[in-house]
Amino acid sequence: TALAWLPLQSGCRVGLGAMFRASDIFGKRGAGALTTVPAVQAGAAVKRPHSGGGAGPVNRVWDPATGKFYEEDVPADIQELMGLQKKAKVEHDASQDLQKAWQSPTPPKAAKVLGPSSVGLAAKGQAPAPQKRGLGPGGEVDRTAPSVEYRGFSKVDLDDRYFERAHVVIHARPTYWSSDGQFFIYWQGEVQRWSICDAASFPAVKAGQLPGWAYKEDHRHLCQANGWMEAWNGEWRSPDLEVMFRSSSHHKPQWEDPIVQKSVSTVEFHGFCMKELNTRYFLRLHQVIQGRPSFWDASGVYFIYWQQTAERWAICDLKCLDAVQSGQCPGWAYRSDRGHPANAGGWMESRHGEWVPAVLETTVIGTCQRGLKVEFSGFSKQDLNTEFTERPDEEIQGKPTYWESSGNYFVYWQQSMKRWAMCDKISLQLAQSGLAPGWAYRKDSQHFTKANRWMEVWGKDWKDSTVVCTLLEGVVKDNTPMVKAELKEEAGGTQLSGRQYQSLVRRIYERKNPTKLPELEAIFERWTDKEPELFSNVCSKYGVDPDEAAMDLQQPGEEVPEDSTPGVASVRAADAAGTEDGEDIYAHLEDAEVPHLKASEYAVLVQSLYEQHNPQKLADMGRLLRKYKARERELYLEVCKKYAVHPAKFHARQNDEQGMEGQMAEPA
């Protein structure tokens, strides 16, 4: 810590940044005493022995007369200078005159807990003369300007509403000032972040220095409560804040940046003629209406939604929800542009039967969200056995990511596979593009903090891993439906039939307890119409994962389901074969066999088949390829048989569509 020096009348200097010793001031150091203060030395017999109460700080002083150290209490006025206690109110006496022997002419100011200067941030000097309470550089603060309000700083002086001053610019950005002009927020261009400083340091800021009581370490918008650090008790700490960013209809749009828009989760309206609309709306990411997430009030009656056909936002109520979900556009208010709903300007409301501009104030509200912090253990790859922290603003494939401290590995959501996975930073761009790279992945769609079903890379293959995920901080909020893709019907998600559940139960008994097979028919009869419950009980009894057991249902090579009529199969076969004016252009391959291909080429063909005939099976591709490893040709032929597709014709058609000059794939 830099030492600040006060001049003494004797010409000596004492470092304020170090601990004061009473002997330095009152001459209790024998031969080393201050000879320039004889009045104090004359009272050398008045010692301040340590009281032993342990209530205050003490000094150890060497006494050359005895050759020993002795302890003495630090005087109260010195403790005040050190910021350890407030000055006691006492009547004036002659002993106060002794202070003039060493104090500076100006009496010491009341100590603050911590200021920018104590951590090397603020410049020395007094506030500029023109700056008085209620005034900042350039005059009075405009209290009708856009503003940001903070609550939750340890230094309560910072909890205030700061108004934009567009004409007072620092590093090409406007500043924000408290209403009394004593504190301001400015952009620190050199380090690219926002900071809160006292007005006395404004000249230092203009000179290029970076003082401040608090700063935003994540370089993001002022409306975000996360990321602030404040100086308190000699260190930087992260406060729990609530932030309110207000703007009005006559202001320019404040929410045009797509990145900033993602941080808006709560918005409050004031000014609508219809009083019910003047409330707080919360973002519901899972409740998508006409292609975008919607905002709902606390009662669940009024909501803000995107009108797809009109390309604008509107406010409606619950009784019109069915009409809205069907694509209609009712509403009590709407925007006249495509702007974000948090923009105050641009809203229209109905008055006396006419649509007129609404005069509004909107408030975007943000609170600190610590996010999740988890720790993994059990992976064979030791780099994955570490702590991962949520980064809510860094989404991949629609969900937040979780990173370990070095930034080399992260957990992300694989949308195409409907599962969580772990990946390294080298493959970040692949993951952002929608692909599914990774060192490990979940075997189901549950949140990664639940259960322990993981697969991880093992040499050139994948292996099951028993992984423990410990939740260190935060609360798990996951809306992912727990549904296996391969169990959903193409028509829209009906559950398994009773016969399918019976088939699953039979397979479990075949593996776990074959002696019960003769009794199955009687068991099925007792559990008629309760097959799902029977299946769940059997899985629990024999320790079988229901999802894993269900994966074996309707594997390639099984019979086509009863609802797959020959007519549908014929249409699919005709489409896969390829026709031109009613003529099969691949008729010459009717008796041909598919050539021997590489494993990867068979995988591509199987994937193409599922894309055309059963896209929901794509989520199961990884498991199928593991099961049919080194038998990829057999897998392809079975899938072709299931969907009544000619293997050779389908292969030829795929080659033609992919522009491979009509050549058959080279042999493996």
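The structure we're discussing is the one just above.
Structural notes, computed from the coordinates. (Residues numbered from 1 in each chain as written. Predicted model: local features only at pLDDT ≥ 70, side-chain atom pairs only at ≥ 80, totals over all residues. Heavy atoms only, no water.)

1. Quick look at the overall build of the protein
Moving on, step 1. When helices and strands are tallied, the protein shows 16 helices and 35 strands.
Moving on, step 2. Each of the 668 residues in the protein was classed as buried or not, and the buried ones make up 40%.
Moving on, step 3. Counting only contacts in the protein whose residues sit at least 6 apart along the sequence, the fraction spanning at least 24 positions is 48%.
Moving on, step 4. Surface summary for the protein: the accessible area is close to 36100 Å², and the carbon and sulfur share equals 51%. (Helix = DSSP H or I, 4+ residues; strand = E, 2+ residues; numbered from the N terminus. Buried < 20%, exposed > 50% of the residue type's maximum accessible area, 1.4 Å probe, protein only. Contact = heavy atoms within 4.5 Å. Areas by Shrake-Rupley, 256 points an atom, 1.4 Å probe, with all protein chains shown as cover.)

2. A look at the packing of helix 15 (residues 632-642) against helix 16 (residues 647-657)
Moving on, step 1. Where helix 15 contacts helix 16, the axes come no closer than 10 Å and their chain directions differ by 105°. The orientation of helix 15 with respect to helix 16, classified from their angle, is roughly perpendicular. Along its contact with helix 15, which presents Tyr636, Leu637 and Cys640, the element helix 16 presents Pro647, Phe650 and His651.
Moving on, step 2. When the residues that make up the contact of helix 15 with helix 16 are grouped by side-chain class, the tally is five nonpolar, one polar and no charged. (Axes fitted to C-alpha atoms, helices over the stretch in contact; angles between N-to-C directions. Parallel < 35°, antiparallel > 145°, perpendicular 65-115°, else oblique. Nonpolar A, V, L, I, M, F, W, Y, C, P; charged D, E, K, R; others polar.)

3. Quick word on the packing of helix 8 (residues 498-512) against helix 10 (residues 531-542)
Moving on, step 1. Relative to each other, helix 8 and helix 10 sit at 20°, their axes nearing to 9 Å. When the interaxial angle is binned, helix 8 and helix 10 end up roughly parallel. Between helix 8 and helix 10 lies a crossing whose hand is left-handed. Here helix 8 contributes Gly498, Tyr501, Gln502, Leu504, Val505, Ile508, Tyr509 and Lys512 to the contact with helix 10, which in turn contributes Glu531, Pro532, Leu534, Phe535, Val538, Cys539 and Tyr542. (Left-handed = near helix turned anticlockwise from the far one by under 90°.)

4. A look at the nonpolar core
Moving on, step 1. Tyr150 and Trp347 are the most contacted members of the largest nonpolar core, which totals 41 residues.
Moving on, step 2. Elements represented by at least two residues in this core include exactly strand 7 (147-151), strand 10 (183-188), strand 11 (193-198), strand 15 (242-248), strand 16 (266-270), strand 19 (302-307) and strand 20 (312-317). (Core = buried A, V, L, I, M, F, W, Y, C linked by side-chain atoms within 4.5 Å.)

5. Points about the state of the cysteines
Moving on, step 1. What the rule picks out here adds up to zero disulfides.
Moving on, step 2. The cysteine Cys329 is free of any disulfide, with Cys316 supplying the nearest cysteine sulfur at 9.8 Å. (Disulfide = S-S within 2.5 Å.)

6. Quick word on the pattern of salt bridges
When the charged atoms of two side chains with opposite charge come close together, those side chains can pair.
Moving on, step 1. Per the stated rule, a full pass over the model turns up 22 salt bridges.
Moving on, step 2. Its salt-bridge partner being Glu387, residue Lys373 comes within 3.5 Å of it at the nearest N-O pair. Of this pair, Lys373 sits in strand 25 (residues 373-377) while Glu387 is found in strand 26 (residues 387-396), placing the two residues 14 residues apart along the sequence.
Moving on, step 3. Of the residues examined, Glu387 reaches a relative accessible area of 32% and is grouped as partly exposed.
Moving on, step 4. Close ionic contact of Glu394 with Arg391 constitutes a salt bridge, the shortest N to O distance being 3.3 Å.
Moving on, step 5. The exposure class assigned to Glu394 is partly exposed, which follows from its relative accessible area of 31%.
Moving on, step 6. The exposure class of Arg391 is partly exposed, given its relative accessible area of 30%.
Moving on, step 7. One network of salt bridges, in which partners are shared, links Glu149, Arg151, Glu242 and Arg246. (Salt bridge = Lys/Arg side-chain N within 4 Å of Asp/Glu carboxyl O.)

7. Section: the sheet that holds strand 26
Moving on, step 1. Pairing is antiparallel across the open sheet formed by nine strands, whose spatial order is 32-31-30-29-28-27-26-25-33. The open sheet has two free edges, formed respectively by strand 32 (461-466) and strand 33 (468-473), since each of these has just one partner strand. Adjacent strand axes in the sheet meet at a mean angle of 30° when their direction is disregarded.
Moving on, step 2. Inspection of the sheet shows strand 25 paired to strand 26 by three bridges, in the antiparallel sense. Residue Glu375 lies in a different strand from strand 26, and its bridge partner there is Glu387. (Pairing = 2+ DSSP bridges.)

8. Points about the side chain of Ser147
Moving on, step 1. Mapped onto the elements of the fold, Ser147 is located in strand 7.
Moving on, step 2. On the basis of relative accessible area, Ser147 is assigned to the buried category, the value being 0%.
Moving on, step 3. Beyond its immediate chain neighbours, meaning those up to four positions away, Ser147 contacts Arg161, Tyr162, Phe163, Met244, Phe245 and Arg246.

9. Side note on the pairing of strand 26
Moving on, step 1. Inspection of the sheet shows strand 26 paired to strand 27 (residues 399-403) by five bridges, in the antiparallel sense. Bridged to Thr389 within strand 27 is Trp403.
Moving on, step 2. Linkage of strand 26 to strand 27, two consecutive antiparallel strands, is achieved through a turn of two residues, within which Gln397 is found at a positive phi near 55°.

10. Some thoughts on the side chain of His340
Moving on, step 1. Along the polypeptide, His340 turns up in the loop between strand 21 (333-335) and strand 22 (347-351).
Moving on, step 2. Under the relative-accessibility criterion, His340 is labelled buried at 9%.
Moving on, step 3. A distance of 3.0 Å separates a polar atom in the side chain of His340 from the backbone nitrogen of Ala342. (Polar contact = N/O pair within 3.5 Å; in protein donor to acceptor, adjacent residues only side chain to side chain.)

11. Notes on the environment of Cys423
Moving on, step 1. For Cys423, the location among the structural elements is in strand 29 (residues 419-424).
Moving on, step 2. Spatially, the C-alpha atoms of Cys423 and Ala436 are 9.0 Å apart, while their sequence positions differ by 13 residues.
Moving on, step 3. Those residues within four positions of Cys423 in sequence are excluded, and the remaining contacts are Asn408, Tyr409, Phe410, Tyr412, Pro437, Gly438 and Trp439.

12. Quick word on unusual backbone geometry
Moving on, step 1. Even without glycine at this site, Gln192 takes up a positive phi of about 55°.
Moving on, step 2. Relative to the assigned elements, Gln192 resides in the loop between strand 10 and strand 11.
Moving on, step 3. Exposure remark for Gln192: the relative accessible area of 40% places this residue in the partly exposed category.
Moving on, step 4. Residues other than glycine seldom take positive phi values, yet Gln290 does so here, at roughly 50°.
Moving on, step 5. Along the chain, Gln290 falls in the loop between strand 17 (280-289) and strand 18 (292-297).
Moving on, step 6. Classification of Gln290 as buried rests on a relative accessible area of 15%.

13. With respect to helix 15
Since the α-helix turns once every 3.6 residues, residues separated by three or four places project in the same direction.
Moving on, step 1. Within helix 15, burial applies to Glu632, Arg633, Leu635, Tyr636, Val639, Cys640 and Lys642.
Moving on, step 2. As for helix 15, its buried residues are in contact with helix 13 (599-613), helix 14 (621-627) and helix 16.
Moving on, step 3. Phi for Ala644, located one or two positions after helix 15, is positive at around 55°.

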